[in-house]
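Close look at the chain arrangement
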Amino acid sequence: MTKLAKSALAADARHFGGCLATVIVALVVLGADYAEQKSLISKAGRDLRTAERLARSGRNDDAAKSFVDAQKALKAASSGLDKKLERFYERAAENLATAHKSLSAQGVALPELGSTTATMGGPNDVGPNGIASAEGGDAGDQVSFTKQIAPVLVGFCGKCHIDGRRGQFSMKTYNDLMRGAGSGAVIEVGSGFESTLVEVIAGNSMPPSGDTLSPQQTALLVKWINQGAKFDGDDPNKSLREIELGDGTPRTPPPVPVPNPAVPKVTMPTGNETVSFALEVAPILMDQCLSCHNAGQVRAGLNVTTFTDLLQGGDSGAVVSPKNAERSLLVQKIRGTAPEGARMPLNKTPLSDDQIATIVTWINEGAAFDGTDASVPIARVNAVARAARATPGQLADMRREAAERNWQLAL
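What comes next concerns the included structure. (Residues numbered from 1 in each chain as written. Predicted model: local features only at pLDDT ≥ 70, side-chain atom pairs only at ≥ 80, totals over all residues. Heavy atoms only, no water.)

This part covers unusual backbone geometry. Geometrically, the link from methionine 344 to proline 345 is a cis peptide bond, its omega value of 0° lying close to zero. Mapped onto the fold, proline 345 is located in the loop between helix H12 (329-335) and helix H13 (353-364). Even without being glycine, alanine 300 reaches a positive phi, approximately 55°. By the secondary structure assignment, alanine 300 is in the loop between strand S4 (297-298) and helix H11 (307-312). Since its relative accessible area comes to 48%, alanine 300 is described here as partly exposed. (Helix = DSSP H or I, 4+ residues; strand = E, 2+ residues; numbered from the N terminus. Buried < 20%, exposed > 50% of the residue type's maximum accessible area, 1.4 Å probe, protein only.)

Once that is clear, we can look at the pattern of salt bridges. One side chain can pair with another of opposite charge once the charged atoms of both are near each other. Considering all chains together, one arrives at 9 salt bridges under this definition. Here arginine 59 and aspartate 62 are joined by a salt bridge, their closest N and O atoms 3.0 Å apart. When its relative accessible area of 34% is taken as the criterion, aspartate 62 is described as partly exposed. The partner of lysine 238 in a salt bridge is aspartate 234, and the shortest N-O contact between them spans 3.6 Å. (Salt bridge = Lys/Arg side-chain N within 4 Å of Asp/Glu carboxyl O.)

What follows covers the packing of helix H10 (residues 277-288) against helix H14 (residues 378-389). When two helices pack together, you describe them by how their axes are tilted relative to each other and by the distance separating the axes. Closest axis-to-axis distance for the H10/H14 pair is 9 Å, and the angle between their directions is 140°. Seen from above, H10 lies across H14 with left-handed handedness. Mapping the contact onto sequence places Phe277, Ala278, Leu279, Ala282, Pro283, Leu285 and Met286 in H10 and Ile378, Ala379, Val381, Asn382, Ala385, Arg386 and Arg389 in H14. Residues belonging to the contact of H10 with H14 are distributed by class as follows: 11 nonpolar, 1 polar and 2 charged. (Axes fitted to C-alpha atoms, helices over the stretch in contact; angles between N-to-C directions. Left-handed = near helix turned anticlockwise from the far one by under 90°. Contact = heavy atoms within 4.5 Å. Nonpolar A, V, L, I, M, F, W, Y, C, P; charged D, E, K, R; others polar.)

What follows concerns the packing of helix H4 (residues 60-77) against helix H5 (residues 86-105). Between H4 and H5, the least distance of the axes is 11 Å, while the angle of their chain directions is 155°. The angle between the axes of H4 and H5 places the two elements in the roughly antiparallel class. Where H4 crosses over H5, the two elements pack in a sense that is left-handed. In this structure, H4 uses Phe67, Ala70, Gln71 and Leu74 to contact H5, whose residues at the interface are Tyr89, Ala92, Ala93, Leu96, Ala99, His100 and Leu103. Its residues assigned to classes, the contact of H4 with H5 shows 9 nonpolar, 2 polar and no charged. (Parallel < 35°, antiparallel > 145°, perpendicular 65-115°, else oblique.)

Geometric values such as these leave the question of function open.
See the structure below:
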């Protein structure tokens, strides 16, 4: 069924007073594609959680309605189910059955559970994002981690995630890779297309250099995960750079240690400065730079979450040269005069002349730090500085603004 036909169907349902259930029933008959099936399965999970929450609050009728919505969504996804979603669907079906027993025991009147068996779609060798399955998907010989996957990871991810721990994520060893990042696992064993590692690669978010994996390499990674993401080496705690070939020779020579460039010392203000980092520079960095250069997304190796992170610089070295704004890469990038790369902030309106002048003056005056702790986020440095200089009325306004932002976030 084409997207145009599905859009027309949804429009007709709205036009004649239909509700979401009308569209779901139609999708049961006509079938849904991968993205719609995945969305429906996710919706079923959300509806089940809502039903359980409502039951705990004693709202049994509303809980029953949410359960029925979950049941309908899962039923819609079950017709011609894409085989890449089979495990995802099975977990959702198990959760539906468990919730049916639990809610019934709490006195919620529910319809019969009925069959949750999915009918699988035909052969599909193309997954989401247009990734072709490797050698027929899950079939064929077992993919070797040490001989096939590790070289790809070393070649494309080694600099940031094997030699370093960018974004709080290390894949130095197999165990590190399977442990994932601070936000959770990046590999969902048995579900290659559902794994975060594959999603960021297929979406061209990684590697940030733009030197992306080929479709065949990505497909091989998917196949390895689908086959269980198994380790076939002798030590899962050995660095991927040191994994040996059958003849005992290292796959790639260990990197030659390169001394880190000296990190500029945090300079305290003399009292003669005309620009405050905490009050004037930090807000510019927060608004214009932090969205791309934070602990979770370290573009070009640069992180400006804290003042010490800023001084550390990025892949091209230090970005701030105290008392010499013209030589500072930060200034060159925001002016668009750097020898390489685009003007910053990327895909945003360039900084105003006043904002650039503020940063230039701050650097030329010594790039001093006038906060209390250079290792805490600059957003906190700014908030503390503003609060310390505020009158009681201004402080009340700041608290009211913060409360309004929190309410908007909650809503």
